[in-house]
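The chain contents come next:
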Amino acid sequence: MLQENLINVQAKIDAALLRRTEEKITGNKVTLVAVTKNHPAEVITDAFNLGVSVIGENRVQEAKAKREIVGKGSGRWHLIGHLQTNKAKQAVAIFDMIESADSVHLMQAVDKEAAKAGKVQEILLQVNIAREEQKTGFSPEDYEAVVPELDNFKNLHVRGLMVIAPAAENSEDIRWVFAEGYKLYCKLKQQRSDIDTLSMGMTHDYETAIEEGANMVRIGTALFGQRDYSLKF
Ligand SMILES: *Cc1c(COP(=O)(O)O)cnc(C)c1O
């Protein structure tokens, strides 16, 4: 079933790319992050074996437990959920990329732990474009304020932006969020040439996100079905 779902999702990704009405500076390849949270550890191995190159987990503790069961595997691990500073060290040890860098305080903690580990940690800046109170992420103002400071984090490699759109029945209603994410990306790219990643879009809205310029999508449900919240890690 996973194999079939992967084929379907990939076809929709390709179709969305073809629907783009203008060329985007994010290129015409989309990286699929297979979101394995709240699924058993073995799902990670299955995904890598079927050619998935990146998996996404939203909690450090869960990722750590899974890592102990299935090992690193053949692909990359991305953290996509809010990270507490006291877990920065573990996150640096596990994740190839932290997509959910959402405050200066957290970036300082990750930078420090990466230095100690002798690692340059890849991160994305998560921006709360729709200003949803219940969601984390830099507010647009705080994001603007941190951009000039990015070179101060010697052990962080900022590769781009991550955006989560509000839940919506109709993804047309949130198209503006992705369009705004793309605008911020273009501006950041002008200032920092090594920016290359715009992570936007989940199961219910990834096609719209790709049309607006996403080159990374994070998809769980469409690949693995409903999450099992009774699983304990
Ligand atoms: C859970 C999660 C996803 C995947 O959500 P689906 O709707 O299952 O595709 C993507 N991004 C983030 C940040 C998540 O927490």
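The residue numbering used here restarts from 1 in each chain and proceeds along that chain's sequence as written. Totals for whole chains, interfaces and linings use every residue, but because this is a predicted model, local features are given only for residues with pLDDT of at least 70 and side-chain atom pairs only at 80 or more, for both listing and counting. The side-chain quantities take in all heavy atoms of the structure and omit both hydrogens and water.

Trainee: Pulling in residues and values, what's your account of the overall build of the protein?
Mentor: Each helix and strand in the protein was counted, giving nine helices and eight strands. For 233 residues, the compact-globule formula gives about 17 Å, and the C-alpha radius of gyration of the protein, at 17 Å, lands near that figure. Projected onto the principal axes, the alpha-carbon positions of the protein cover approximately 45 × 45 × 30 Å. Counting the 233 residues in the protein, one finds 52% classified as buried. Numbering of helices and strands runs from the N terminus, with a helix taken as a DSSP run of H or I at least four residues long and a strand as a DSSP run of E at least two residues long. What the globule rule says is 2.2 Å times the number of residues to the power 0.38, and the radius of gyration is computed from C-alpha atoms. Working definition: with a 1.4 Å probe on protein chains only, accessible area under 20% of the residue-type maximum means buried, over 50% means exposed, and in between means partly exposed.

Trainee: Go over the confidence of the model for the protein, please, and point to the residues and values.
Mentor: Interpreting fine coordinate detail is not advised for predicted regions of low pLDDT. The pLDDT value tells you how sure the predictor is about a given residue, anywhere from 0 up to 100. This prediction gives the protein a mean pLDDT of 97; 100% of its residues lie at or above 70. Ranking the helices and strands of the protein by mean pLDDT puts strand β4 (residues 97-101) first, with 99, and helix α6 (residues 140-146) last, with 97.

Trainee: Please set out helix α5 (residues 104-117) residue by residue, giving values where relevant.
Mentor: Take the number of residues in a helix, subtract one, and multiply by 1.5 Å to get its expected span. With 14 residues, α5 should cover 20 Å at 1.5 Å per step; its first-to-last C-alpha distance of 20 Å lies within 8% of that length. Among all positions of α5, only Leu106, Met107, Ala109, Val110, Asp111, Glu113 and Ala114 are buried. Should any heavy atoms of two residues lie within 4.5 Å, those residues are considered in contact. Buried positions along α5 lie against α4 (88-94), β4, β5 (121-127), α6 and β6 (156-163).

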